[in-house]
Every structure is written in structure tokens, then in C-alpha cells.
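# Descriptive analysis of the structure
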Amino acid sequence: MLRSLTTWMLVGQRLAIALLTLVIVSFAVFFATELLPGDVAQILLGQAATPEAVAGLRKAMGLDEPAILRFLGWLAGLLHGDLGTSYVNHMAVAQLIGDRLVNSLKLAGITTLVSVPVSLVLGISAAMWRGSILDRVVTVLTISVISVPEFMVATLAVLIFAVWLGWLPALSYAADTSSFTAILKAYAMPVITLTFVVSAQMIRMTRAAVIETINTPYVEMALLKGARRSRMVLRHALPNALGPIANAIALSLSYLVGGVIIVETIFNYPGVAKLMVDAVSTRDLPLIQSCAMIFCVSYLSLITLADLIAILSNPRLRR
Amino acid sequence: MSTPLVSVRDLKIGATTDSGRHVEIIKGVSFDIAPGEIVALIGESGSGKTTIALSLMGHTRTGCRIEGGEIRLGANTVTAMSEGQRAEIRGTEVSYVPQSAAAAFNPSQRIMDQVIEITAIHKLMPRDAAEKKAVELFRALALPHADTIGSRYPHQVSGGQLQRLSAAMALIGDPKLVIFDEPTTALDVTTQIEVLRAFRSVMEKGGMAGVYVSHDLAVVAQIADRIIVLKGGEIQEEGATQQILDAPAHPYTRELLAAFEPVLHKPLEFDDADHQPPILEVRNLSAGYGPIRNGEPGAKILKDINFALERGRNLGVIGESGSGKSTLARAVAGILPPYRGEVLVDGFQQEASLAQRSKEQLRHAQIVFQLADTALNPAQSIETILGRPLTFYHGMKGKAREARVIELLDMVRLPANLRHRLPSELSGGQKQRINLARALAAEPQLILCDEITSALDTVVAAAIIDLLKELQRELRLSYMFISHDLSTVEAICDDVLVMYKGEVVERLPAAKMSTDATHPYSQLLVSSVPKLDTGWLSGLEQDPALLERFGNR
């Protein structure tokens, strides 16, 4: 499909904004971690350390340089893919995060594959048969899921599936991953819990966006042309609701990368969120900063992607 | 009459409100339509005309239900059919031309896909044949670029073109009955003529029957064979078009016709008018929207406007949509600060922007907006709405304020107990009166009226005009009256500015608009206003060169 120059200009503008936001965010992340109470050198050397030893270590770690210089150095490192070295175990942060990130992305990816289609189907069909039994059941379920905190869902899932029924392992990572069914079993509970948490919002937003377009005169016009309900919704309402739906999905999914700490902890799943919490307790600044940047980047790219979908699906920008 | 194509017997449609109350919208309506006949449903908003028209397709809007009676269309009894069976006849037996084609076209699909959608839904013909037929219809409807217009998106064509395209969309399946739901209401008069002509010629050629829903008797007179007058969900009167126009039997029909009688405005005489400066004077005013570069905005709308309005006189501003009428009101009021030129009220120069004007300057000139629905805060009671300007301009509080609110309500002929209600509990006409009373609360000398009667029914609008005149006599007001409706302007204004593309092309005495107009655009505009005469459209001859130059298509 050919698009006009203005469309591409809008796209470029949106990408530039995303980039600018990223720089601001990196600034905020760096200085927010600087503000964390406690001194790394002090913590590393323990309470018995002499002031001279602490000062020496600070100098060795470059902590005595002005913050702005360290920020620029860190930023330059990020651009080259150098995330720095962990203060605590002197390993490259990239190496520390690597496996964890893959784990987190795996969990997020599987959850996305399950939750997005389920949410879209439920949301759209609830809107299509608005006021029907299906719609009411979906509405009641989503509201109750939103109101229940995720640790509750997770704990209940463990209680029911692992303790009472004994179908699934309670801990994901320690579980056996040798066969396909075993993998399925290992991932089942974290994925179910996360799907519950992220789907509710997606279902509600999809339903609302589709209902709003169903109430437009052009959908009524389709009805008066003799179109069946499925055609009215899928051909006329849905394409015009893409923008808001994409945004709702992006917002929900962005939670998957960063906000899953509770789920990762309960199921003992070695993801990035858990790594970050561990890093905070040891004042491992490079690690914290890198984790925070990963969350911000994933969040920002999801939101930017949703905005781009909204821009590109707006026919007024087509020529 | 031979076997009618449509016969409606004792149709009853009801609705259940949110509070669970049951309301009868259509109270037992019966009529017939012969094959090839065009029947008009006339009535004000809320009379049930659109509800009846849609029920012929077996469709009711959310909350409504066909509760009794029978609708027969050809061999089908619509009322007895299932939703699936009704879908079968929609588009093939009966089709629909919407009020606002701009809203009825899906913004994300190309026009052609939507025009031939009926043939795809009902599998009437292959796509090539359907596209060919659509192009033929585009030609018959006098659409420009008939071969390529279908590949555009709805936002890329004008309102008048969309309206004709929506007719092509309705005709593609060769229906026996076409329902026109106020199809020209949203159009400018010069565009309306062309659309009406196109509709009439395709309907005559195809021998189709039609239902034409409208509130405008003059438009209906041009196209309908028979008129059914509705009020409150009941048929008041039914007869051949000529007969209804010549010898209306029912009082309501007479009232409708009377609203068409030109009421000429008599200017008020004030003894001291000569010695005072004009109440409003505008000099070299230019205004526009968009980011300002080198002191000029990106989109210039108004170009070098000059006029003066004498005290106690009324100035009409007419022109088509996009001519800059409302922008002029906004620039004078300071909502949109002009980038050049000056505005003088009562001889005193006004600051360009609203924020810089003093309270006293603000008080002198008040503005009344078109849509009272959006201009009144739905969460505030009428007393709060009217009380705010009283406190702001006159520092009134408590008992004094309440007394003044009651006085204001009395001025706009509304009962005092209305002050405890919310805007949503009032009728359209009452809301517009409140809107006016809010302007009066400031005790202004000049009121800028921006299309204040356009959203109202004919009879209600006429009452508002009468009220404006009375208030003028009592309070010595002056009005700047913006409207696209020439007869309304005629009824209240002394002089008229004709605007075209942001410029004043001519200033005319309101009473002599049709005879004195010299500028070709004014002539075109004046001659395009439909008259209550069945032969008007056929007899109308307009210079094609003029239409080419000024017609807003």
C-alpha cells in the first residue's frame, strides 16, 4: 500500500520522540540509582573496613569521578553493547543478564502467544454479541480477575494444581525439561497466571474499542446493506478499532517483561525481574541500571509499535 | 391504486428507556406506497419519521422494538421475518441513503469497495460487472471523474459527492424501494440542488419507489409525489404534494407552512442612534489558524474584513460552510485573536485576544453558540449556569443572584422553576433559550449569534427569532447573526454580509437580497434556496459557469 510523505514524516517523528524519551529515561535511570542509599565500596568491604581502604576501592572503581562523566561513559558503553561489570562478582553484566533475559523473553513470548489471541477472540466476540450470556460471563470474569492480585492467583494455582491435584510442578525452573510435555508442564502455571493478569485488561479494552466502532453510522450502514453480524464487526468495525486495541495490548504486554517479579519469585523462575531485585539488595549498580534499561526499552518499543500501528492504520493518512 | 409495493398497517414501535420506562414512539401508523411512487415523511425531530423509515427495512435502533402491526414489502412480510431473512432483502429489495454520507462511509475502505458491497454480500454479480455498474451509476449521478472516483477514500471527496456516492451505493442492487433519510440536510444550498437533481433523475429512470424523510417542506416539494405529515409518532395528514402545499387541512401542517412565509424585519427606530459610534466596527480584520510565522498564521481564513454595525441594527452573515462565518464571530469575540486589523465595540478598540480584554469589554459583546447541548455544562443546574456570569460581571450573590436568574428566565419566556433542572432535562428550544439567557446575564449591547437556530426545528426556530426581536425592543440590543439559512437572516436582519472563502463579497439590505444581489456568488446563493413550489427545481436555471466557479462540490 502506498503511503504519503506525511505518513512517513509522522512515523519518523514518532520514532524520534521514542529515541529522545530513551535518552531521558537513561538519564533518569542512572541518576535514580545514584540516589540509592548506601555506598558500594562500604558494602563490599564490610563494616570493619578502614576509611582508607574504602577510599582506595572507590578510586579503583571510578566512583570518585563526577556523576555526569560516569553517566556519559556508561551511555557510550551501552551504545557499544558494553553493559559494564558487576560490582559484586566482577562478571560482565551482559553475561549475567543474557540467560536471564532469554528466560524472561521465553516466558513473555509464550504468554503473549496464549493471551493475545484469547483476549482478541473473547473481546471481539463479547462486543459482537453485546448483552448476551457470553458477554456477561466475559465481563464478570475479567472484572474479577482484575480485582484479584496476581500473587493470589499464583498461590491459588500452586495450591490447586501442584498441591491438591499434583498435576504440575510447583517450581518451574527446577522441573524436568527433557520432553515436550515436561516443558509444557513447567511453563503451564506461570503462563496461566500471567495470562490471567494481562488478558483481563486486553479483553476489556478490545471490547470497548469494538463496541465504540459498532455504534458508528457506517456499521449501521453495513447492517442496512444486508451484512451479517460477523461481516459488520470484522470488516467494518475492527479495522477502525485497531489503534486503541494495539495500544491496550502493548500496555498489557509491557508488564510481562518488567512487572512479573511476583510471578517469577513464586514459581522460582530465573528471569530478569528476579535478577534486578537481587541486584538491588547487593547495590550492584551496573546490573540494576542495565535491568532498568531493558525494562524501559521493552516498554518503549511496545508503546512505539502500538502508536505506529495506530498511525499506519489511520486511512486519513493514506494517499 | 394497483397493488401497493409497501403497505404498513397499524405499525407500533416502542422503546424502553434506561430507567425501565416504556415509551411508545410510533402509535399505530398505516400507509401504502405504490410502485414507482416517492412518498415524503415530514415532521420535526422526534416525530418518528426516521424510525418509520428504518422499520421498513426491518431495522430499529438500539432500545427500540416493533411491537405491533404489519409491514409488507412486495411479497415479504417484514414484521414476520427473522433477522437473517431481513438481511436477505436489505440492499436487494429495499436500500438506504443516510443523512450524513460522511459518517456512513467506512473511513478505512475505498469508496468502490463500499459501493459494490451489496453485490458482494448478496452474491448478485461478479466484481467486474459490479464495478462497471457502479461507474455507470456515478455517471448518472453526475459525479466527476466517474472512472476513478471509486478508488479514493471517503475523506478525499466532498460532502456533496459523498452524498451522491451513497445513493449509488443504495442503487447498486436494483432495489424496489429506496429510503432517503434527510439526505441533503447536511449540504450547502448550492450543493443540495445538484444532489436533488441527481436523485430525481436516477429515480425516474429506474422507476423505483422511494421514501423521502425530511423536515424541509421546500425540498420535499421538489421530489415527492405524496406527503405524509407526522407528529408525535402519528400521521397528522396525508395527501398529494400539491394538495398539501395548497390546502393543508391539519393545523400542524399549516404551522409548518407558515414558518416558510417570509417575515420581513422592521428595523427599530432609536432617537439618538445617529449621534453614537457604531456598536461594532471591524477594520481590515484578518485571522487564521495554525502556527504563526512572520506574524501570519499557517492557514489564513479571513482576509481583510471591513464592516460596521449601527446600534440597534442587526447584521446577517451568510455563506456556505467553510466561508469563514464562524471564524469571523470567533475573531470578533477574541476567541481567535486576529493577526491583523482591529475590532471596535461602541467606539472603543478591543484587545485582540480574549485574555487581554477587560471585564467591561467582555461584558459588552457576548457570543451564543450553535449547539446548546455542547455549550451548556451537563453537570450544572440552570441556576449555576446563569449565576456564574452574574457573579463574574456584576458580583451578585445569594438572594439577589437568584432573583436575577428568575428574571433572566422570564426574559427568555421560561418558567422560574426550570432553574433547578439540568440541561439534559430540557428540550432543544429550551436549551437554546438558556444559552441566550446566559449571554443576556452579562447585560451586553451586542450579541454574536453563531447559527443559533440551525439545530432547531422550523417552528421552534421561528419562536427563537421572535424572542430575539422582542429582546431587542426591550433591551436595545444589536445582533450579529450568522446563518446559512437565508430566510432566517431575512426575518431578523437589516443588512447582510455575503461571505465567500474568507472574504466579504457583498453587503446587501436583507429585504432585497434577491433583487439587489450583484455579485455572481450572492446571486447563485440566493437563487439556490428551495422554494415551496413543486416546479421550482425543474424551472430553475443557473448559469453553469457560475456553478463551476462557486459551486462547492
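Residues numbered from 1 in each chain as written. Chains lettered and ligands numbered in written order. Predicted model: local features only at pLDDT ≥ 70, side-chain atom pairs only at ≥ 80, totals over all residues.

## Considerations on the overall build of chain B
Spelled out, the test is: Comment: elements are numbered from the N terminus, with helices defined as DSSP H or I runs of at least four residues and strands as E runs of at least two. In this setup the radius of gyration rests on C-alpha atoms only. A globule is expected at 2.2 Å times the number of residues raised to 0.38. Distance between backbone-placed C-beta atoms decides contact: two residues are in contact if it is within 7 Å.
For chain B, the helix and strand inventory stands at 23 helices and 20 strands. For 553 residues, the compact-globule formula gives about 24 Å, and the C-alpha radius of gyration of chain B, at 25 Å, lands near that figure. Partitioning the contacts of chain B with sequence separation of at least 6, the portion at a separation of at least 24 is 69%.

## Quick notes on the overall build of chain A
Broken down by element type, chain A carries 13 helices and 0 strands. Summarising its shape, the C-alpha atoms of chain A cover approximately 85 × 60 × 35 Å along the three principal directions. Long-range pairs, those at least 24 residues apart, make up 72% of the contacts in chain A with a sequence separation of at least 6.

## Here we look at the domain arrangement of chain B
Residue and element names in this part refer to chain B. Filter applied, for reference: A domain assignment, automatic or from a database, supplies the domain bounds used here. Lys, Arg, Asp and Glu make up the charged group, whereas Ala, Val, Leu, Ile, Met, Phe, Trp, Tyr, Cys and Pro make up the nonpolar group; the residues left over, Gly among them, are polar.
Per the domain assignment, the segments making up chain B are domain 1 (6–253) and domain 2 (275–518). The gap between the C-alpha centroids of domain 1 and domain 2 is 36 Å. Across the boundary between the two partners, domain 1 contributes 5 residues, which contact 6 residues of domain 2. Among the residues forming the side of domain 1 that touches domain 2, the class breakdown is no nonpolar, 3 polar and 2 charged.

## Some details on the UniProt feature "domain: ABC transporter" (unreviewed entry) in chain B
Residues and elements named next belong to chain B. This is how the line gets drawn: UniProt positions are given in the numbering used here, feature names are shortened, and annotations may be inferred rather than shown by experiment.
When the UniProt feature table is mapped to this numbering, "domain: ABC transporter" (unreviewed entry) covers residues 8–257 and 280–526. Secondary structure across residues 8–257 comprises 37% helix and 26% strand; the distance between its end C-alpha atoms is 27 Å. Taken as a whole, residues 280–526 contains 39% helix and 28% strand, while its terminal C-alpha atoms sit 26 Å from one another.

## Digging into unusual backbone geometry
Residues and elements named next belong to chain B. To keep it simple, the criterion reads: Counting other C-beta atoms within 10 Å of a residue's own tells you its class, since 20 or more makes it buried, 12 or fewer makes it exposed, and anything in between is partly exposed; those C-beta atoms are placed from the backbone.
Even without being a glycine, E182 presents a positive backbone phi close to 45°. For E182, the position within the fold is in the loop between β7 (177–181) and α8 (189–206). Of the residues examined, E182 has 20 C-beta atoms within 10 Å and is grouped as buried.

## Some points on the nonpolar core
Which entries qualify depends on this criterion: Working definition: the nonpolar core is a set of buried Ala, Val, Leu, Ile, Met, Phe, Trp, Tyr and Cys residues, joined through C-beta atoms within 7 Å.
Among the nonpolar cores identified, the biggest contains 152 residues, and C291(A), A168(B), I179(B) and V211(B) are the most heavily contacted of them. Broken down by element, this core gets its largest block of residues, 14 residues, from helix α8 (residues 180–214) of chain A. In this structure, L328(B), V343(B), I382(B) and Y479(B) belong to the second largest nonpolar core, which totals 75 residues.

## With respect to the pairing of strand β20 (residues 503–509) of chain B
Residue and element names in this part refer to chain B. Operational definition: Two strands are said to pair when DSSP picks up at least two bridges between them.
One ladder, built from 6 bridges, connects strand β19 (residues 495–500) with β20; its direction is antiparallel. Bridge pairing in β20 places D495 opposite P509. In this antiparallel pair of consecutive strands, β19 and β20, the connection spans 2 residues, and K501 shows a positive phi of 50°.

## Concerning the interface of chain B and chain A
Taken together, the contact between chain B and chain A spans 22 residues of the former and 17 residues of the latter. Per-element tally for the side of chain B that touches chain A: the top contributor is helix α5 (residues 117–121) of chain B, with 3 residues. The residue inventory of the side of chain B that touches chain A, partitioned by class, reads 11 nonpolar, 8 polar and 3 charged.

## Points about helix α21 (residues 520–527) of chain B
Convention followed: The arc in question is the one spanned by the directions pointing from the helix axis to the C-beta atoms.
Among the residues making up α21(B), those that are buried are Y521(B), S522(B), L524(B) and L525(B). Buried residues along α21(B) cover an arc of 160° about the axis, so they all sit on one side.

## With respect to the packing of helix α1 (residues 5–34) of chain A against helix α13 (residues 285–312) of chain A
Residues and elements named next belong to chain A. The following threshold applies: Whenever a helix is involved, its axis is fitted only over the stretch in contact; in every case the axis is a line through C-alpha atoms, and angles between N-to-C directions fall within 0 to 180 degrees. Roughly parallel refers to an angle under 35 degrees, roughly antiparallel to one over 145, roughly perpendicular to one between 65 and 115, and oblique to any angle outside these ranges. Crossing handedness is defined as follows: a turn of the near helix away from the far one that is anticlockwise and smaller than a right angle gives a left-handed crossing, while the clockwise case is right-handed.
Two elements in contact, α1 and α13, have axes separated by 10 Å at closest approach and are oriented at 160°. The orientation of α1 with respect to α13, classified from their angle, is roughly antiparallel. In this structure, the crossing between α1 and α13 has a hand that is right-handed.

## Describing the sheet that holds strand β13 (residues 314–318) of chain B
All names here are of chain B. Taken in spatial order, the 6 strands of this open sheet run β16-β17-β18-β13-β19-β20, and their pairing is mixed. Each having just a single partner strand, β16 (365–368) and β20 make up the two edges of the open sheet. The sheet shows a mean angle of 20° between the axes of neighbouring strands, direction not considered.

## Section: the environment of R139(B)
Residues and elements named next belong to chain B. Tracing the backbone through its elements, the reader meets R139 in helix α6 (residues 127–140). Residue R139 is classed as exposed on the basis of its C-beta count, with 12 C-beta atoms lying within 10 Å. Spatially, the C-alpha atom of R139 lies 9.8 Å from that of A168, the residues being 29 residues apart in sequence.

## A look at the sheet that holds strand β4 (residues 64–73) of chain B
Read across the open sheet, the 4 strands follow the order β2-β1-β4-β5 (chain B); overall the sheet is antiparallel. Of all strands in the sheet, those bounded by a partner on one side alone are β2 (22–33) and β5 (76–77) of chain B.

## Things to note about the pairing of β19(B)
All names here are of chain B. Counted residue by residue, β19 has 6 buried out of 6 residues, so it is predominantly covered. Along β19, one buried face is formed by D495, L497 and M499 and the opposite face, lined by V496, V498 and Y500, is buried too. Relative to β19, β13 runs parallel, the two being bridged by 4 bridges. Within β19, the residue paired with G316 across the bridge is V496.

## A closer look at the confidence of the model for chain B
Low pLDDT marks stretches whose predicted atomic positions should not be read closely. Residue and element names in this part refer to chain B. As a reminder, the rule being used: The quantity called pLDDT is the predictor's confidence in a given residue, expressed from 0 to 100.
Overall, the predicted model of chain B reaches an average pLDDT of 87, with 97% of residues at or above 70. At the low end of the mean pLDDT range in chain B sits helix α23 (residues 544–550), at 70; at the high end sits helix α15 (residues 382–394), at 93. Model confidence for the complex is summarised by a pTM of 0.78, with the ipTM given as 0.76.

## Topic: the confidence of the model for chain A
For chain A, per-residue confidence averages 82 on the pLDDT scale, and residues scoring 70 or more make up 93% of the total. The secondary structure element of chain A with the lowest average pLDDT is helix α2 (residues 40–45) of chain A, at 71, and the one with the highest is helix α9 (residues 217–224) of chain A, at 91.

## Remarks on helix α7 (residues 159–171) of chain B
Residue and element names in this part refer to chain B. Rule in force here: By this rule, a helix spans an expected 1.5 Å times one less than how many residues it contains.
With 13 residues, α7 ought to run about 18 Å at 1.5 Å a step, and its terminal C-alpha atoms sit 19 Å apart, in line with that. With 12 of 13 residues buried, α7 is to be regarded as a mostly interior element. Restricting attention to buried positions, one finds in α7 the residues G160, Q161, L162, Q163, R164, L165, S166, A167, A168, M169, A170 and L171. In this structure, the buried side of α7 is in contact with β6 (94–97), α3 (101–104), α4 (111–115), α6, β7 and α8.

## Focus on the packing of helix α5 (residues 93–128) of chain A against helix α6 (residues 133–147) of chain A
Residues and elements named next belong to chain A. Interaxial distance between α5 and α6 falls to 8 Å at its minimum, and their mutual angle equals 130°. By the angle class used here, α5 and α6 are oblique. Handedness of the α5/α6 crossing: left-handed. Contacts from L122, S125 and A126 in α5 reach L134, D135, V138 and T139 in α6. Partitioned by chemical class, the residues of the contact of α5 with α6 number 4 nonpolar, 2 polar and 1 charged.

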